[in-house]
Amino acid sequence: MNWDETDTGADQRLVDSSADGEEQAIEAALRPKDLGEFVGQERVREQLDLVLKAARQRGGTADHVLLSGAPGLGKTTLSMIIAAEMGAPIRITSGPAIQHAGDLAAILSSLTEGEVLFLDEIHRMSRPAEEMLYMAMEDFRVDVIVGKGPGATAIPLELPPFTLVGATTRAGLLPPPLRDRFGFTGHMEFYNPTELERVIHRSARLLDVGIEAPGAAEIAGRSRGTPRIANRLLRRVRDYAQVKADGLITAEVAARALAVYDVDGRGLDRLDRAVLTALLKLFGGGPVGLSTLAVAVGEERETVEEVAEPFLVREGLLARTPRGRVATPAAWAHLGLTPPQQTSGGQGGLFEA
C-alpha cells in the first residue's frame with residue numbers, strides 16, 4: 001500500500017520488493033492519497049506532517065525531503081502525498097535517467113513554482129548532475145554552460161522555488177554535501193505484522209476482496225515486513241480464492257495459496273530455501289564461501305549475495321563471517337533439521353571463498 005508474476009526464479013520472485021512497470025500501474029490504484037490514509041512509519045509521518053503544515057502556513061514551498069529505506073516501503077507514495085498535501089504538481093524521474101548535467105538542467109528549467117520533483121534512486125545520479133543539483137537546491141539557480149573550451153560561457157538560470165524529494169535505498173552512497181542540503185530526512189523502517197494486516201485489509205477493500213482477519217494475518221506473516229510484497233501476495237491469494245475456493249480469503253485458503261507459490265510461513269521462497277538447504281545439508285551449516293554456495297544452488301554469486309542473503313540475514317537464519325557463510329540455529333529449526341555434532345577442529349578452512 002505504501003509501496004510499490006508469480007515466477008519464483010531469481011529474476012522475478014513473488015517476494016521481490018522491487019516492482020516493474022506493469023505492477024507500478026497496479027500499485028497506483030492502491031496508494032493512499034494523504035498522510036491520514038498512510039499506514040505505518042509513525043515517526044516519519046508525524047515529522048513530515050509538521051514540515052508540510054508549517055510550509056503551508058508560511059505560504060511557501062516545503063523543505064527538500066530525503067527518504068531512505070528498502071524498496072517497497074512507501075517512498076514513492078510519500079512523495080506523491082507531499083505533492084498532494086502542498087497542492088502542487090509532481091514531476092517523477094530517477095537517478096539513472098540523469099546521466100548528464102544537461103538532462104537535469106532541462107528538467108529543472110521546466111519546473112513551475114512550488115512543484116515537487118521526485119528523484120528516485122538519487123544516489124545513482126551522475127556526478128556532474130549531482131554538482132549542478134547543489135546550487136539548484138540551495139540557491140534555486142543553475143549555471144548552463146554554452147560552448148566548449150576557452151570560449152565556453154556560463155549563463156546563470158534562475159529557478160522558481162521547488163521541493164526536491166529524493167529517495168534512496170543506499171543512503172550511505174550519498175555524498176555529504178548533497179545529504180546536508182535536505183531540510184528533512186526520513187528513514188523508512190520495515191513494517192510489523194499488525195501494520196501489514198492494516199495494509200492488507202485496506203487493499204482488500206479497494207480490490208473488493210472478502211478477507212477474514214486470520215487470512216490477513218497469514219499473508220502479513222509472509223510479507224517480509226514490506227507492504228509491496230503484502231499487496232502482491234494478496235493479489236495472488238485472491239486469484240486462488242476465486243478459482244479454488246468461494247472467493248473469501250481465510251487463513252486456510254491463504255496458506256494453501258501461498259504453498260502453491262512456494263512462499264513458506266516466514267516468507268522464504270524457493271531460492272531462499274535452496275540456499276539454506278545447501279548450506280545445511282551439503283556443508284554442515286558452514287562456514288562456506290559465497291562462490292561455493294552459489295555453485296551448489298545453481299545461481300550466480302551476485303544473485304545469492306544480493307537477492308537471497310539480505311532477507312536471510314535479517315531473519316537471523318544466516319550469518320556472514322570472515323570465514324564464510326554460516327547457518328544459525330534458527331535455520332536448522334526452520335528446515336526441521338538437526339545440527340551435526342561440532343568437532344574441535346571445525347571445517348572452517350574447507351569452503352572459504
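Residues numbered from 1 in each chain as written. Predicted model: local features only at pLDDT ≥ 70, side-chain atom pairs only at ≥ 80, totals over all residues. Heavy atoms only, no water.

1. A closer look at helix H10 (residues 251-260)
Item 1. Along H10, the residues classified as buried are Val253, Ala254, Ala257 and Leu258. One side of H10 holds all its buried residues, which, seen down the axis, span an arc of 120°.
Item 2. Once H10 ends, the next one or two residues include Asp262, with phi positive near 60°. (Buried < 20%, exposed > 50% of the residue type's maximum accessible area, 1.4 Å probe, protein only. Helix = DSSP H or I, 4+ residues; strand = E, 2+ residues; numbered from the N terminus. Arc of directions from axis to C-beta.)

2. Let's talk about the confidence of the model for the chain
Item 1. Averaged over the chain, the pLDDT score is 83; the fraction of residues at 70 or greater is 87%.
Item 2. Contacts for the low-pLDDT stretch residues 1-11, under 50 throughout, to residues beyond four places or in other chains number 61 contacts.
Item 3. Here residues 343-353 scores under 50 on pLDDT; set against residues more than four positions off or in separate chains, the count is 17 contacts. (pLDDT = per-residue confidence, 0-100. Contact = heavy atoms within 4.5 Å.)

3. Looking at the packing of helix H11 (residues 270-282) against helix H13 (residues 301-314)
Item 1. The interhelical angle for the contact between H11 and H13, taken along N-to-C directions, is 90°, at an axis separation of 10 Å. One element, H11, and the other, H13, form an angle in the roughly perpendicular class. Across from Leu271, Asp272, Val275 and Leu276 in H11, the residues of H13 making contact are Thr303, Val304, Val307, Ala308 and Leu312.
Item 2. Taken together, the residues of the contact of H11 with H13 break down into 7 nonpolar, 1 polar and 1 charged. (Axes fitted to C-alpha atoms, helices over the stretch in contact; angles between N-to-C directions. Parallel < 35°, antiparallel > 145°, perpendicular 65-115°, else oblique. Nonpolar A, V, L, I, M, F, W, Y, C, P; charged D, E, K, R; others polar.)

4. Quick word on the packing of helix H8 (residues 213-220) against H10
Item 1. It is at 7 Å that the axes of H8 and H10 come closest, and there the two elements cross at 30°. In terms of their interaxial angle, H8 and H10 are classed as roughly parallel. Residue-level inspection shows Pro214, Gly215, Glu218 and Ile219 of H8 in contact with H10, the latter providing Ala251, Ala254, Ala255 and Leu258.

5. With respect to the sheet that holds strand S2 (residues 90-94)
Item 1. If you walk across this open sheet you meet the 5 strands as S2-S3-S6-S1-S7, and the pairing is parallel. The open sheet terminates on both sides in strands that have one partner only, identified here as S2 and strand S7 (184-187). Averaged over all neighbouring strand pairs, the angle between strand axes comes to 15°, with direction disregarded.
Item 2. Pairing between S2 and strand S3 (residues 116-120): 5 bridges, direction parallel. Bridged to Ile92 within S3 is Phe118.
Item 3. Set on the sheet, helix H3 (residues 75-86) makes contact with strand S1 (65-68), S2, S3 and strand S6 (163-168); between it and S3 the angle comes to about 175°. (Pairing = 2+ DSSP bridges.)

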